[in-house]
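# Structure assessment
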Amino acid sequence: MASVAPPVFKPFTLTLIQLGSIGSDKAANLQHAREMIVKAAKDNSDKKPQIVVLPECFNSPYGFVHFPAYAENIGYTAGKEYDIQASVSESVKMLSSAAKELGIWLIGGRSIPERDAETNNIYNTCTVYSPTGALVASHRKVHLFDIDIPGKITFKESETLTGGTTTNYFDTEFARIGLGLCYDVRFPELAMIAARRGCHAIVYPGAFNLTTGPLHWELLQRARANDNQVFFSMCSPARDMTAGYHSWGHSMVVDPYARILAEADENETILHVDIDPEPFHEVRAGIPITKQRRFDVYPDVSA
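What you see is a predicted model, and the numbers here were worked out from it, not measured in a lab. (Residues numbered from 1 in each chain as written. Predicted model: local features only at pLDDT ≥ 70, side-chain atom pairs only at ≥ 80, totals over all residues. Heavy atoms only, no water.)

This part takes up the side chain of Q18. Among the secondary structure elements, Q18 is positioned in strand β1 (residues 12–18). We classify Q18 as buried; its relative accessible area is 1%. At 3.1 Å, the side chain of Q18 and the backbone nitrogen of H250 are in polar contact. (Helix = DSSP H or I, 4+ residues; strand = E, 2+ residues; numbered from the N terminus. Buried < 20%, exposed > 50% of the residue type's maximum accessible area, 1.4 Å probe, protein only. Polar contact = N/O pair within 3.5 Å; in protein donor to acceptor, adjacent residues only side chain to side chain.)

Okay, here's the thing in structure tokens:
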């Protein structure tokens, strides 16, 4: 349970980077990601974004065979100050320096296949940085992408990855933001827990494919937004038909009424979306499901 009350929900600008040109050269991937972060923070003529989001799979190709080769040790522990200078993760150092230089909150996508130094397990991990460059939150993908659709796609993250065991969010000066990664969106409990712990918006970097994307990418985001009366967003890599995995793209932001506020196409692009708290408060007053749940009939998954 959230032990601290969430911050007062204030307007902010959420920026999604639908990143392309992700190849086998990690240094080049990190350099391109940094260039796009700088562009995202500076190319919005109206206002500077408060939160910038990278997609799942930005520092390595997407594929369970790639994760061990690109894995980095992070060593973050929730609630403890993290020493960026002592970090051995080049991805963490790049993201931290970009957030600090630009004065933004930065959600680092599935920034890093993370190797646990003690267990040697590898996780699909999203890290979050404050405007001072501090590493303030981390989410290890809870639900691993193991699917087999005959004649279309077979993928098994569990061959090299281990699932995370925690739910996570972070507080800014303007909102509480819930975290998840890609396949986590198919399990509504994670978003329910985030919403009941006071999250105003939930962000899941993700990389659906050309089979699951057309079927469920929009549907799942609108469902999670509607069920929980929160803003919901997923940030995808751009589509690259020369890569081994073909991402759907279509990064998106949905409001608490389940209305799509912005949607990308499949190409590399940057989306700037103004988040207005009014629909959040309006829908909860008019359709007060947050006060009508019957935990005497069914369990509260956030308890």
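All right, on to the environment of N59 then. With respect to the helices, strands and loops of the structure, N59 is situated in the loop between β2 (51–53) and α2 (67–70). Residue N59 is classed as buried on the basis of its relative accessible area of 0%. Separated by 51 residues in the primary sequence, N59 and R110 place their C-alpha atoms 8.3 Å from one another. A distance of 3.0 Å separates polar atoms of two side chains, one belonging to N59 and the other to S91.

Strand order in the open sheet formed by six strands is β9-β10-β11-β12-β13-β14, with mixed pairing between adjacent strands. The open sheet has two edge strands with one neighbour each: β9 (168–171) and β14 (260–263). On average, adjacent strands in this sheet sit at an angle of 15° to one another, irrespective of strand direction. Sitting on the sheet, helix α4 (residues 188–196) touches β10 (176–179), β11 (201–205) and β12 (231–235), and the angle it makes with β11 is about 145°. (Pairing = 2+ DSSP bridges. Axes fitted to C-alpha atoms, helices over the stretch in contact; angles between N-to-C directions. Contact = heavy atoms within 4.5 Å.)

The backbone phi angle of C57 is positive, close to 65°, even though this residue is not glycine. Relative to the helices and strands, C57 is located in the loop between β2 and α2. With phi around 50°, Q229 is a residue other than glycine that occupies positive phi space. Within the secondary structure, Q229 sits in the loop between α5 (212–228) and β12. According to the relative accessible area criterion, Q229 is buried, its value standing at 2%.

On to the pairing of strand β6 (residues 135–140), then. The pairing of strand β5 (residues 122–129) with β6 spans five bridges and is classified as antiparallel. Opposite Y129, over in β6, you have L135 as the bridge partner. Where β5 hands over to β6, the hairpin turn is made up of five residues, of which G133 adopts a positive phi near 90°.

Now for the state of the cysteines. For the structure shown, the criterion picks out zero disulfides. Considering cysteine sulfurs only, C57 is the nearest to C182, which forms no disulfide, with 7.5 Å between them. Take C235: it sits in no disulfide, and the sulfur closest to it among the cysteines is that of C126, at 10 Å. (Disulfide = S-S within 2.5 Å.)

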